[in-house]
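Observations on the model geometry
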Amino acid sequence: MIPGSLVADLSEICGSDGVIVDEDRLLAYESDALTAYRHRPGAVLLPRTTEEVCEVVGAVSKHGLSIVPRGAGTGLSGGAVALGGAVVIGTARMNRILKIDPRNRRAVLQPGVINAELSAAVAPYGLYYAPDPSSQTACTIGGNVAENSGGPHCLKYGVTSRYVTGLKVVLSNGSVVELGGRRREPPGYDLVGLFVGSEGCFGIATEIEVSLLPLPEGVRTVLAIFDRIDAAGRAVSAIVGAGLLPAAMEIIDGATIRAVEDSVFAAGYPTDAEAALVIEFDGVEAGLDREAARAGDLCERAGARGVRRARSEEERAALWKGRKKAFGAMGRIAPDLLVQDATVPRTTLPAVLRGISRIGKRYELVVANVFHAGDGNLHPNILFDRRNKDELARVEQASKEIMRLCIDAGGTITGEHGVGLDKKHHMSLVYGPEELSVMWSVRRAFDPDGVLNPGKVLPEDTDPGRNGSGDSPAVSSSEGAAIGPPASGDEKHAPGPSGPSRENPIAEVVGLLSDNQVLLGGAAREWSGGFPADVVAFPASVEEVRALVLAANKAKIRIIPAGRGSWLTAGGWGRRAQVVISTLRLNSVQHYEPADLTLTAGAGLLWRDLVKVLAPNEQWLPVDPPGRNRGALGALVASGVSGPLEARYGAVRDNVLGLEVVTGDGRILRIGGRVVKNVAGYDLVRAMTGSRGSLGIVTGVSVRLFPLPEAQATLFFSARGGAGGGDGGELVTMAQTVCTSPLPVVSADLIEGGCGPSGVGMTLAVQISGGWEEMDDLCSRVSSAAGSGPASVLRDAESEAFHDQRTDWEDGSPLVIRLSALPALLADTFDRARALAADLHGEVTAHAQKGTVRVKAPAPDALAEWGSRLLQERREMEKSGGSLTLTRGPGELAARAGWTGGLGSEGQLTRRIKALFDPMSVLSGLCPDVSAPDLEPRPNAR
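Residues numbered from 1 in each chain as written. Predicted model: local features only at pLDDT ≥ 70, side-chain atom pairs only at ≥ 80, totals over all residues. Heavy atoms only, no water.

**Here we look at the overall build of the chain**
Along the backbone of the chain there are 30 helices and 39 strands. Taken against the 2.2 N^0.38 rule, which gives 30 Å for 942 residues, the C-alpha radius of gyration of the chain at 28 Å falls within 12% of a compact globule. Expressed along its principal axes, the backbone C-alpha trace of the chain runs to roughly 80 × 65 × 55 Å. Burial status across the chain gives 61% buried among its 942 residues. The contacts in the chain between residues at least 6 apart in sequence include a share of 73% that link residues at least 24 apart. Charge centroids of the chain, computed over 97 positive and 111 negative side chains, lie 1 Å from each other. (Helix = DSSP H or I, 4+ residues; strand = E, 2+ residues; numbered from the N terminus. Rg over C-alpha atoms; globule rule 2.2 N^0.38 Å. Buried < 20%, exposed > 50% of the residue type's maximum accessible area, 1.4 Å probe, protein only. Contact = heavy atoms within 4.5 Å. Lys, Arg positive; Asp, Glu negative; His and termini not counted. Charge placed at Lys NZ, Arg CZ, Asp CG, Glu CD.)

Structure, rendered in structure tokens:
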């Protein structure tokens, strides 16, 4: 029971109808959709605005009460249960869509908006919101953000974290921070990605900005019936292994089929079948029939006894009905249901399904399976009666065995439902003490007093600060990464004896490696292109990296991570360091399963070698940041910079599944995993991706791969005014028209000189890809959208070579400036960039879909004058929510331009994150100097 004075204060804030304290009404909030866990809250509060949430949090925290954020209560992990009489802050009345921005394909909304209602609201603009949990007609976007929810179609389109671009968050002290949002490519860490999936433990999201997709032109849905569920699992691997990428692949097992067919949700599935596989393709009409036919043929080869395709929208809805309504039909089997949620590599599905069946039989329990087969996200549904204590105990034992089975198969304990209360004690099965310790620290960075959603996600016995001991580095007992030979031609070694005296602290660091693993003095500076380091070290294992980091901490020596060292002289945000640690010797491929579309390798694996590994299976990693061809895999992750492919395939952060990292205080962390859906704990992978070596040294990487498209083409357009292209304004308009059409354009780049048929002026290069049947149709339709035919077209290998070469555009340029804003503002951003290029005697290129424009130029002589100019340009960009950053340039120019400022309201969080990963600030990666105060503090968003 909460104090009467507090009830009065809260009623003043939310209104009497926004405060629930009656015992009978509180019953509805005792549990979420996982009814096995029930705890009655002390009160339920229903604010309507960010301001009301701030006031409510402030009032409740003054009384020392805990707070549990809650959406629609459709969660399946006990995550919204109020332990110990905590106060629930529900977002049900915060249900307004605040802005729909069709030109930029985004929307801003409150957290209580129902998932399906968002897609309905943007459908008149030809758009939709891609993440589609099975509960999408009831669940809210705020709850989806809290759990990083998935759904059937995330196989092709990705989970919630790919689509959340900005957040307004109320912290546990009642203050407000704005993360991401209109500020395109802001400095600092990916706090949006870190917040998504934090299960209400970091803050309460009160406004959410999401990206939208164009509605697909066509859909083909196929139903395959099997007499064995493991045969259905083999069909899934066969379809992906054949290079097909369906939008969704769902399996419904025999027990579920019979429950559905005996209910009002009957979908017409044969009740004697042991599995039904629903496969769906979407996209442009051309080629969809062929993809559906190929999938059906592969199902028959795997043992399907029947395959049929929906011929109308009504038939499609009928084929999906059994999958969508499966959970509702389970009540016919038993009064209670424990919905498990684990993800395994898709190639292990047959073996894991057999193992689940054996576990169910051993414990005399009915286990019904209905799940997202395409990404290996299993949902074993254990049916029971909670009034039977013996049965309940068997359910708990069976559940734990299923989790262990999935982990042993290379999987994780939750792919979309979250950890909550239900699985927090399983966290130690997937993470060691170092990882759990860091997660506790990250949680406290957002919520120092532990006010928000206590008792969830992390097991209390893993809290290093539980007894006041604080967080301290733990010695890792894990094995290091596989040792591979150094990449030939990339290292020049100097003998060790001529190095510095052993009395020099640097000598203590050097002494940890053999002579052929270090470069000293002039050899070090030659290898790093003139970067003023005393030593370049080439550790051959993660344990050697750790030893170097610990020695640097002890000696108070700054170090900087590097792969091939190609970014060391970029300037910009870099700080000087005495020791460079190169990961080039960590270059082995540790795991690659083509049918799972995942790969794990050392951070030193060069891009060119990754391409060779993937080529025989016609697969690729679709990221194209600047400098890709001269870099290593770890550098792609550390930079986090995306190229034009982001619009089609997601950013770098969306394709990194797991990392091995040595933090600035010497802890070895293995975070994430190698499955495509994983919400076990807080998303440290996204925090690390793009941190530019300032939080830790990446030593190993797991990535998501994609089938190479069958065909591709690049269409080159010139302005109708002539080959010179005029001032480029016409081509900017043409690019925006093409990018806002519903066509699946891969990229649309504006390039100045040297690219088009004339080799001068401006050229628009539009890249498309897909099945060979699609290409002629797409070429014609892109030309129609552009309003004129292309001046020339490159196809397949020539198109691929052109775009591969484009990633080298910045190479050798002493000054590169990157301007980013909303795509609808491309004309203004482009004009600003061209003015800078004209004054610097440089060149310009623009990625129309991203709204990013780059300028490359010689370094200017008047650094003070140009520092002031760029600082003013940055301020102007930030007024419209954009950013201006220096990718390459003299350090003096970067300092004068003020790159260390502008972290905004999230600056304090950024500094806390830096301090917990690198407490002595040993790592000097290319990042904002988060130890410095903001030059231009922003007003509190409140």
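**Some points on the environment of T462**
Here T462 lies in the loop between α16 (433–446) and α17 (505–510). Residue class for T462 comes out buried when judged on its relative accessible area of 17%. For the pair formed by T462 and S437, sequence separation is 25 residues and the distance between their alpha carbons is 6.8 Å. Residues in contact with T462, not counting those within four places in the same chain, are S428, L436 and W440. Among the polar contacts listed, one links the side chain of T462 to the side chain of W440, at a separation of 3.0 Å. Here P459 takes part through its backbone oxygen, which lies 2.6 Å from a polar atom of the side chain of T462. (Polar contact = N/O pair within 3.5 Å; in protein donor to acceptor, adjacent residues only side chain to side chain.)

**Some thoughts on the nonpolar core**
Judged by nonpolar contacts, the single largest core of 129 residues is most densely connected at L167, F226, L277, V442, L659, I913 and F917. Per-element tally for this core: the top contributor is α16, with seven residues. I913 has contacts with Y189, L191, L194, V442, A445 and L695, leaving out every residue within four places of it along the chain. Core analysis: the second largest hydrophobic core is formed by 49 residues, I817, A821, V844 and L884 among them. (Core = buried A, V, L, I, M, F, W, Y, C linked by side-chain atoms within 4.5 Å.)

**Observations regarding the pattern of salt bridges**
According to the stated counting rule, one finds 50 salt bridges in the structure shown. Notably, a salt bridge pairs R220 with E285, separated by 2.6 Å at the nearest N-O pair. Of the two residues, R220 sits in strand β12 (residues 218–226) while E285 sits in the loop between β14 (275–283) and α10 (288–302), which places them 65 residues apart along the sequence. Under the relative-accessibility criterion, R220 is labelled buried at 14%. (Salt bridge = Lys/Arg side-chain N within 4 Å of Asp/Glu carboxyl O.)

**Section: empty space enclosed by the protein**
Summed over the entire model, instances satisfying the criterion amount to four cavities of 30 Å³ or more. Among the secondary structure elements, those contributing two or more residues to the lining of the largest cavity are α6 (154–157), β28 (656–663), β29 (668–672) and α23 (684–688). Residue contributions to the lining of the largest cavity peak at three residues, all from α23. Taken together, the residues of the lining of the largest cavity sort by class into 18 nonpolar, nine polar and seven charged. (1 Å grid on protein atoms, 1.4 Å probe; cavity = no way out; pocket = protein on both sides within 12 Å on 5 of 7 lines; lining within 4 Å. Points joined across faces, edges and corners; volume = space filled by probe spheres on them. Nonpolar A, V, L, I, M, F, W, Y, C, P; charged D, E, K, R; others polar.)

**Observations regarding the sheet that holds strand β25 (residues 589–593)**
The strand order across the open sheet formed by five strands is β25-β26-β30-β28-β29, and the pairing between neighbours is antiparallel. The outermost strands of the open sheet, each flanked by one partner alone, are β25 and β29. In this sheet, neighbouring strand axes are inclined to one another by 15° on average, regardless of whether the strands run parallel or antiparallel. In the sheet, strand β26 (residues 598–602) pairs with strand β30 (residues 696–704) via five bridges, with the strands oriented antiparallel. What sits directly across from T598, in β30, is R704. (Pairing = 2+ DSSP bridges. Axes fitted to C-alpha atoms, helices over the stretch in contact; angles between N-to-C directions.)

**Examining the sheet that holds strand β35 (residues 792–795)**
One open sheet holds the eight strands; their spatial order is β35-β32-β34-β33-β37-β38-β36-β39, and the pairing between them is antiparallel. Looking along the sheet, the strands with just one partner apiece sit at the ends: β35 and β39 (883–888). Mean inter-strand twist for the sheet, computed between neighbouring axes without regard to direction, equals 20°. Where helix α28 (residues 863–879) meets the sheet, it contacts β36 (815–820) and β39, and its direction lies at approximately 135° from that of β39.

**A few points about the pairing of β25**
Bridge count for β25 against β26 is four bridges, and the pairing is antiparallel. Along β26, the bridge assignment pairs H591 with T600. Between β25 and β26, which pair antiparallel in sequence order, lie four residues; one of them, L597, sits at a positive phi of approximately 55°.

**Comments concerning the environment of R667**
Relative to the elements of secondary structure, R667 occurs in the loop between β28 and β29. Residue R667 is classed as buried on the basis of its relative accessible area of 3%. Once the C-alpha coordinates of R667 and A92 are considered, the two residues, 575 residues apart in sequence, prove to be 42 Å apart. A distance of 2.9 Å separates polar atoms of two side chains, one belonging to R667 and the other to D665. Within the structure, the side chain of R667 is placed 3.0 Å from the backbone oxygen of L916, a separation counted as a polar contact.

**Section: unusual backbone geometry**
Phi angles above zero are rare outside glycine, and R105 is one such case at about 50°. Residue placement: R105 occurs in the loop between β5 (97–101) and β6 (106–109). A positive phi angle is found at K556, which is not glycine, with a value near 55°. Along the chain, K556 falls in the loop between α19 (542–555) and β23 (559–562).

**Side note on the pairing of strand β13 (residues 248–253)**
Where burial is concerned, most of β13 is hidden: six out of the six residues are buried. Where β13 lies against β14, six bridges are found, and the strand directions are antiparallel. Each residue of the ladder has a partner; that of M249, found in β14, is I279. The sheet contact formed by β13 and strand β18 (residues 366–372) spans three bridges and is antiparallel. Residue pairing across strands places I252 opposite V370, the latter belonging to β18.

**Observations concerning helix α20 (residues 607–614)**
All of the buried residues along α20 are W607, L610 and L614. The arc that holds the buried residues of α20, viewed along the axis, is 55°, so those residues lie on one side. Next to the buried residues of α20 lie β25, β26, β27 (619–620) and α21 (633–639). (Arc of directions from axis to C-beta.)

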